[in-house]
Amino acid sequence: MIGLKTPIRELKMVGPSYLVKLKKLGLETVEDLLFYLPSRYLNFARIQKIAGLREGETATVLVTVRDFVNIFTKSGKKIQKVTVADDSGSLPVIFFNQTYLQKIFTPGVKLMVAGQIKRFIKDYALIAPQYEFYKSGEAPFHTGRLVPVYRETEGVTSKWIRTRIAVLLTKLKPLVSEFLPPQILKKYGLMTLNQAVLKAHFPKSLDEAQKARKRFCFDEFLMIHLNSLFAKQINPDKNKFVADIVKHTEALNIFLDNLPFALTDAQKRVLFEITADMSKDIPMNRLLQGDVGSGKTVVAAAIIYLISLCKFKSVLMAPTEILARQHFQTLTRFFKPYGLKIAFITGKEKSKTDNNYKDIAVIIGTHALLHQKLPAENIALIIIDEQQRFGVRQRSSIRQKGNNPHLLSMTATPIPRTVALTLYSDLNLSVIDELPQGRKKIKTFVVPPEKRQAAYNWIRNQVSNKNAPSPQQAFIICPFIEESETLSTVRAASQEYLKLKNEIFPDLKLGLVHGRLKSDEKDEILGRFRQGHLNILVATPVVEVGIDIKNATIIMIEAAERFGLSQLHQLRGRVGRDNQESFCLLFTEKDDPEIIERLKTMEKYHIGIKLAEYDLKKRGPGQLYGIHQHGSLGLKYADITDLPLIKISKQAAVELAGDKNLMNNPYLQEKLLQYKIEANSQD
Ligand code: ADP
Ligand code: MG
């Protein structure tokens, strides 16, 4: 019998080579697969006659194959040209480098073919469309409907995932037993869980898809609210550590005076809020939010210093090796006059210290910290940088590394205050709402394709100008292909790098970083960039967060339309980190006016929260961007800025919390644990 917890490996339809790949997508059980919602839908619902097709339209046609030819081009490419026809006319269908299709598209075969009508050479054509055999009496599956598209990974296509999920959906009845009482479903206009799973994968309309998704989002918020209602009923454990701020004010002042800059008022204010928390006997749980470049690191450094004065240790966790190392370097500089020692731990590297970390003030590292034995008794403060990049589990297990420690999470992701307070009433929020003095707005331009060459020339001039007051450097961010940095992303980035290096900028020094490099390779390249030995750093989008390089003044972003505005803002924040004039060039090959308009808001707005609001308003149903914009706080489906849904789910939580029967439902209990931020359990 197949149940939700059945491992995928036990399903006949999944071969062993797939298991590893699916695991990369986080898919290990039947439940994972069923709850793996599409990121968007292809609208192939309209079945049309060939004669009625218009350019730019997306449609499905039912056709018979007339002819198949392989065309070999001079450049070594192979083009497959298939001629298909219905009773209204004929149409070319074009594929590239898929000679094996000859076996499928044999003359006389009936197929459903779906895609967007484009011009190829001069004729209308379907280029690399979706297709499937027509079976009389059976509804089409990959065409002729709203077709779900899933986040893919190397070797696992949407088509494959779609087929497996469809098989599962026919086998499992009921999929999940509903845990919400019918009157709640009715009151809040929710689908049953069963319906929601079905309709999220195979909706009849985008409206239906949206409604299905609403159920998943509602449930997520509900879990968070219920957890926070229960958390309030328990008295938090007393913290064994209380910072005596008064005693150390003088020393802290000296530390701040010795910094190479004066703190902004906002930095001072949040530092005060944080130290006030740390002098209480319940552990701090505070989120420090500050726009990109607002100077969160120095605030972290100051409280680490304070903790060291109190003879306790801190842990600082960052999401990437590059960022962890940067923090190590920054803090080494800040702490040098005081003789504070720092330990450094990543997956590949561990600085030499004794196992008790005796003289160490702060342990800096990546999630590799989670697998280290740390001297928990002495750890009084844990700081998570770029917290939105960590999963809930990682965030909760890092807390276990201290003795009921103070927790400071830092993020540049803007979360409106009202949302934060409604959603996390037990979380305190500090906001750095100003940038250091003298920062200039980063001049941002959406660059049309025909100006690409001019842009390259301009970049060359800027970065090779020996007369500039200080050297300038540029980032070029390669197109984002998929969320997990698979080989195909890396391959594309490497190709782009070679092209830039050999054809566009043969006279300049370029480097390439991507997630698949070894850590010492990454460090080496980044080090060379930091020291000014490279003019241009080509990078994939996932390695970017937090990097702080003062001379980098230009960032060029390829295929900008694939990012949400918040992500573009994060990327843009890699430049303009000093007082030099800086530039952000956004490239897109799309000429869709809506896309251009959206990108142009980057020219207008320079504040993260404004951009996030704009994106939220404009984002249509079912349209998600590649990287989760609000992966923060462990939400898989819901949008953290969706205040209306947050509010109604809160009301529902209050109504439901007293229902003992419901609260004992095993399914609900499991979900509650998943969304628990305050971890009491050992991970
Ligand atoms: P983020 O908040 O994005 O993590 P960082 O902490 O990396 O930003 O700070 C960005 C840059 O601004 C760093 O180079 C840092 O040294 C500098 N900085 C931080 N605070 C100030 C300040 N008050 N005045 C001038 N520069 C500052
Ligand atoms: Mg930072």
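Source: prediction; values computed, not measured. (Residues numbered from 1 in each chain as written. Chains lettered and ligands numbered in written order. Predicted model: local features only at pLDDT ≥ 70, side-chain atom pairs only at ≥ 80, totals over all residues. Heavy atoms only, no water.)

Caption draft 1: Representation of the sheet that holds strand 21 (residues 552–557) within the structure. An order of 17-22-21-18-20-19 is seen for the six strands of this open sheet, with the pairing classed as parallel. Only two strands of the sheet have a single partner each, and these edge strands are strand 17 (443–447) and strand 19 (510–513). Each strand of the sheet is rotated relative to its neighbour by a mean of 20 degrees, with strand direction disregarded. As defined by bridge partners, strand 21 adjoins strand 22 (residues 583–587) across four bridges and the pair is classed as parallel. By the bridge assignment for strand 22, Ile555 is matched with Cys584. Sheet strands touched by helix 17 (residues 593–604): strand 17 and strand 22. Its angle to strand 17, the strand with the most contacts, is close to 160 degrees. (Pairing = 2+ DSSP bridges. Helix = DSSP H or I, 4+ residues; strand = E, 2+ residues; numbered from the N terminus. Axes fitted to C-alpha atoms, helices over the stretch in contact; angles between N-to-C directions. Contact = heavy atoms within 4.5 Å.)

Caption draft 2: Main features of the pairing of strand 5 (residues 89–96). In the sheet, strand 4 (residues 78–86) pairs with strand 5 via eight bridges, with the strands oriented antiparallel. By the bridge assignment, Val82 is partnered in strand 5 with Val93. Where strand 4 folds back onto strand 5 in an antiparallel hairpin, the turn is made up of two residues. Bridge count between strand 5 and strand 7 (residues 123–127): two bridges; the pairing is parallel.

Caption draft 3: Structural detail: the side chain of Arg162. When you line up the elements, Arg162 lands in helix 3 (residues 158–171). No salt bridge is formed by the buried Arg162; its nearest oppositely charged neighbour, Glu152, is found at 6.4 Å. Setting aside residues up to four positions removed in sequence, Arg162 forms contacts with Gln130, Phe141, His142, Val147, Pro148, Tyr150 and Phe202. (Buried < 20%, exposed > 50% of the residue type's maximum accessible area, 1.4 Å probe, protein only. Lys, Arg positive; Asp, Glu negative; His and termini not counted. Salt bridge = Lys/Arg side-chain N within 4 Å of Asp/Glu carboxyl O.)

Caption draft 4: Up close: the packing of aromatic side chains. With the rule as written, the count across this model stands at 19 aromatic pairs. A centroid spacing of 5.6 Å and a plane angle of 90 degrees characterise the contact between Tyr456 and Phe505, whose relative ring orientation is edge-to-face. Of the two residues, Tyr456 is situated in helix 13 (residues 452–464) and Phe505 in the loop between helix 14 (487–504) and strand 19; the sequence distance between them amounts to 49 residues. On the basis of relative accessibility, which here comes to 2%, the residue Tyr456 falls in the buried class. One aromatic cluster is present, built from ring pairs that chain together Phe255, Tyr305, Phe335 and Tyr338. Across the ring face of Phe35, the terminal group of Lys671 is positioned such that the distance to the ring centre comes to 5.3 Å. (Phe/Tyr/Trp six-rings, centres within 6.5 Å; stacked < 30°, edge-to-face > 60°. Lys NZ or Arg CZ within 6 Å of the ring centre and 35° of its normal.)

Caption draft 5: Looking closely at the pattern of salt bridges. In the structure shown here, the tally under the stated rule is 27 salt bridges. Between Arg215 and Asp219 there is a salt bridge; the shortest N-O distance is 3.0 Å. Remark: Asp219 and Arg215 occur in helix 6 (residues 206–233); sequence separation between them is four residues, near one turn of the helix. One exposure class covers both Arg215 and Asp219, and it is buried. One salt bridge in this structure joins Lys443 and Glu581, with 3.1 Å as the shortest N-O distance. Highlighted residues: Lys443 in strand 17 and Glu581 in the loop between helix 16 (565–572) and strand 22, separated in sequence by 138 residues.

Caption draft 6: Structural view of the environment of Ile554. Mapped onto the fold, Ile554 is located in strand 21. Overall, the relative accessible area of 0% leaves Ile554 in the buried class. Dropping the residues within four chain positions of it, Ile554 is found in contact with Trp458, Ile459, Gln462, Val463, Gln472, Gln473, Ala474, Phe475, Val575 and Phe583.

Caption draft 7: Main features of the environment of Gln453. Along the chain, Gln453 turns up in helix 13. Using a relative accessible area of 47% as the deciding quantity, one classes Gln453 as partly exposed.

Caption draft 8: Seen up close, the site of ligand 1. Near ligand 1 lie 17 residues; those nearest to it are Gly293, Thr297, Arg439, Asp548 and Lys550. In the model, a nitrogen atom of ligand 1 is placed 2.8 Å from a nitrogen or oxygen of the Gln267 side chain. The separation between an oxygen atom of ligand 1 and a polar main-chain atom of Gly295 is 3.0 Å. The fraction of the free accessible surface of ligand 1 (570 Å²) that becomes covered by protein chains is 87%. Residues belonging to the shell around ligand 1 are distributed by class as follows: five nonpolar, six polar and six charged. When residues of the shell around ligand 1 are sorted by domain, at least three fall in each of domain 3 (245–432) and domain 4 (443–605). (Near = heavy atom within 4 Å. Polar contact = N/O pair within 3.5 Å; in protein donor to acceptor, adjacent residues only side chain to side chain. Areas by Shrake-Rupley, 256 points an atom, 1.4 Å probe, with all protein chains shown as cover. Nonpolar A, V, L, I, M, F, W, Y, C, P; charged D, E, K, R; others polar. Domains from an automatic or database assignment.)

Caption draft 9: Structural detail: the nonpolar core. Judged by nonpolar contacts, the single largest core of 71 residues is most densely connected at Leu34, Leu180 and Leu222. With nine residues, the top contributor of residues to this core is helix 6. Counting contributing residues, this core receives three or more from each of domain 1 (1–42 + 162–173) and domain 3 (245–432). The next biggest cluster of nonpolar side chains, apart from the first, holds 44 residues, and it includes Phe241, Leu256, Ala302 and Leu408. (Core = buried A, V, L, I, M, F, W, Y, C linked by side-chain atoms within 4.5 Å.)

Caption draft 10: Region of interest: the packing of helix 9 (residues 296–309) against helix 10 (residues 321–335). Relative to each other, helix 9 and helix 10 sit at 55 degrees, their axes nearing to 11 Å. By the angle class used here, helix 9 and helix 10 are oblique. Pair helix 9 / helix 10 crosses with right-handed handedness. Residues Thr297, Val298, Ala301, Ile304 and Tyr305 of helix 9 touch helix 10, and the partners they reach there are His327, Leu331, Phe334 and Phe335. Tallied by class, the residues present in the contact of helix 9 with helix 10 amount to seven nonpolar, two polar and no charged. (Parallel < 35°, antiparallel > 145°, perpendicular 65-115°, else oblique. Left-handed = near helix turned anticlockwise from the far one by under 90°.)

Caption draft 11: Expanded view of the domain arrangement of the protein. When its domains are assigned, the protein resolves into domain 1 (1–42 + 162–173), domain 2 (46–144), domain 3 (245–432) and domain 4 (443–605). With centres defined by C-alpha atoms, the gap from domain 1 to domain 2 works out at 30 Å.

Caption draft 12: Structural detail: the pairing of strand 10 (residues 285–290). Extensive coverage of strand 10 is indicated by the burial of six of its six residues. Alternating positions in strand 10 separate into two faces, Asn285, Leu287 and Gln289 on one and Arg286, Leu288 and Gly290 on the other, with burial throughout. With five bridges connecting them, strand 10 and strand 16 (residues 428–432) associate as parallel partners. Bridged to Leu287 within strand 16 is Leu429.

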